[in-house]
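Descriptive analysis of the structure
As a plain string of letters, each chain reads:
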Amino acid sequence: MFFWIENGWMWFCIASGAALLIALFLQRFDAALATKVGAMRSFTVIDLEFPSNPKDIPNTINGIFTLPEKQQQRVVQALKRSLYLDFLFMPAIYGAIFLLCMLIADKCGPSSVGRIFFSLFAWLQGVAWLCDIIENLLLLPRVKQGVEPMTLGLHKIYVRVVWTKWAIALIGFVTASMLALYFWVKGDYDRASLPYLIVFVGELAVFLAIGFFWSKKKDQEYTNSKQQ
């Protein structure tokens, strides 16, 4: 399962940079999302990923169409753009996690448990990617007025697909990141890879700064829309 990747950290920085850039656009689209179920509230695509029952998603979607007509159009457009753009986000984020896991596997000894574990989770990102595609294909047809609740069986499949995606991605990313930090603190790393760490930290800092600014702007826009 394991194979060595030439200039692996460079490719990781490219993939993670692309993922963070696309994530900024996704966050920007999320800023326009709102629904009215009883009271008006904002929501995100992630909220649609964890419905507690088959009625949660249709309630949120149908609530969009109780908003003023111009706002309806903005929200529907933003939601569809977010779901379509997610198809570009998938190869970037799962590719970045694949590279990170495979690079950490390279640091573990041949035939060691660590090499097997991280090589396995590197390839499992393909399963997470497939689950993400299925999730979006189930959501996109439901972005319309008068959408009906999922059947109980489809709801269970949807929930399992989402949890499988998140479990594989988070286990791979978190464990690989923790071991990467361990190797860095221990001083067991190639000095040539240090510039790529600086690049990644810089990418992350820019993403967090812009994300914080857009989050504050979303709160202001939401407050203004409630006052209108």
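Residues numbered from 1 in each chain as written. Predicted model: local features only at pLDDT ≥ 70, side-chain atom pairs only at ≥ 80, totals over all residues. Heavy atoms only, no water.

**Structural notes on the packing of helix α4 (residues 69–107) against helix α6 (residues 152–186)**
The relative placement of two packed helices comes down to the angle between their axes together with the axis-to-axis distance. Between α4 and α6, the shortest axis-to-axis distance is 9 Å and the interhelical angle comes to 45°. Accordingly, the angle class assigned to the pair α4 and α6 is oblique. Classified by chirality, the crossing of α6 by α4 is left-handed. Counting all contacts with α4, which are made through Tyr94, Ile97, Leu100, Cys101, Ile104 and Lys107, the residues of α6 involved are Lys165, Ala169, Gly172, Phe173, Ala176, Ser177, Leu179, Ala180 and Phe183. (Axes fitted to C-alpha atoms, helices over the stretch in contact; angles between N-to-C directions. Helix = DSSP H or I, 4+ residues; strand = E, 2+ residues; numbered from the N terminus. Parallel < 35°, antiparallel > 145°, perpendicular 65-115°, else oblique. Left-handed = near helix turned anticlockwise from the far one by under 90°. Contact = heavy atoms within 4.5 Å.)

**Thoughts on the packing of aromatic side chains**
Aromatic ring pairs are reported here in terms of the distance separating the ring centres and the angle at which the planes meet. A complete count under the given rule lists eight aromatic pairs for this structure. Measuring from centroid to centroid gives 6.3 Å for Phe50 and Trp166, while their planes differ by 40°, and the two rings are tilted. Of this pair, Phe50 sits in the loop between α2 (45–49) and α3 (56–64) while Trp166 sits in helix α6; the two residues are 116 residues apart in sequence, bridging distant segments of the chain. Residue class for Trp166 comes out partly exposed when judged on its relative accessible area of 26%. Measuring from ring centre to ring centre gives 5.6 Å for Tyr182 and Phe183, while their planes differ by 55°; the resulting arrangement is tilted. According to the relative accessible area criterion, Phe183 is buried, its value standing at 10%. The rings of Trp9, Phe12 and Phe200 are connected pair by pair, giving a single aromatic cluster. Its end group placed over the ring of Phe183, Lys107 keeps NZ or CZ at 5.4 Å from the ring centre. (Phe/Tyr/Trp six-rings, centres within 6.5 Å; stacked < 30°, edge-to-face > 60°. Buried < 20%, exposed > 50% of the residue type's maximum accessible area, 1.4 Å probe, protein only. Lys NZ or Arg CZ within 6 Å of the ring centre and 35° of its normal.)

**Quick look at the nonpolar core**
Most often, soluble globular proteins keep nonpolar side chains buried together rather than apart. Leu33, Ile61, Ile64, Leu79, Leu83 and Tyr158 are the most contacted members of the largest nonpolar core, which has 36 residues in total. When residues in this core are grouped by element, the largest group, eight residues, is from α4. Excluding residues within four positions of it along the chain, Tyr158 makes contact with Leu48, Glu49, Pro51, Ile57, Glu135, Leu138, Leu139 and Met150. Listed in part, the 23 residues of the second largest apolar core include Ile5, Tyr94, Ala96 and Ile168. (Core = buried A, V, L, I, M, F, W, Y, C linked by side-chain atoms within 4.5 Å.)

**Digging into the confidence of the model for the chain**
Mean pLDDT over the chain stands at 88; residues scoring 70 or higher make up 93%. Confidence, read as mean pLDDT per element, is least for helix α7 (residues 194–227) in the chain (74) and greatest for helix α5 (residues 113–139) (95). (pLDDT = per-residue confidence, 0-100.)

**A short note on the state of the cysteines**
Scanning all chains against the criterion turns up zero disulfides. Of all cysteine sulfurs, the one in Cys101 lies closest to Cys13, which takes part in no disulfide; the gap is 16 Å. Note on Cys13: relative accessible area 6%, which makes it buried. (Disulfide = S-S within 2.5 Å.)

**Describing the environment of Trp163**
Within the element layout of this structure, Trp163 appears in helix α6. Residue Trp163 is classed as exposed on the basis of its relative accessible area of 52%. Along the backbone, Trp163 and Val199 are 36 residues apart, and their C-alpha atoms lie at a distance of 31 Å.

**Comments concerning the pairing of strand β2 (residues 39–42)**
In terms of strand pairing, strand β1 (residues 34–37) meets β2 through four bridges, oriented antiparallel. Of the residues in β2, the one forming a bridge with Thr35 is Arg41. Linking β1 back to β2 in an antiparallel pair, the connection comprises one residue, with Gly38 at a positive phi of about 85°. (Pairing = 2+ DSSP bridges.)

**Description of a nonpolar patch on the surface**
On the surface, a nonpolar cluster with roughly 660 Å² of combined accessible area is contributed by Leu181, Trp184, Val185, Leu194, Leu197, Ile198 and Val201. Every element with two or more residues in the nonpolar patch is listed here: α6 and α7. Sort the elements by how many residues they give to the nonpolar patch and α7 lands first, with four residues. Looking at the element boundaries, Trp184 is found in helix α6. (Patch = residues over 30% accessible without salt bridge, like charges linked within 9 Å, V, L, I, M, F, W, Y side chains within 5 Å. Areas by Shrake-Rupley, 256 points an atom, 1.4 Å probe, with all protein chains shown as cover. Salt bridge = Lys/Arg side-chain N within 4 Å of Asp/Glu carboxyl O.)

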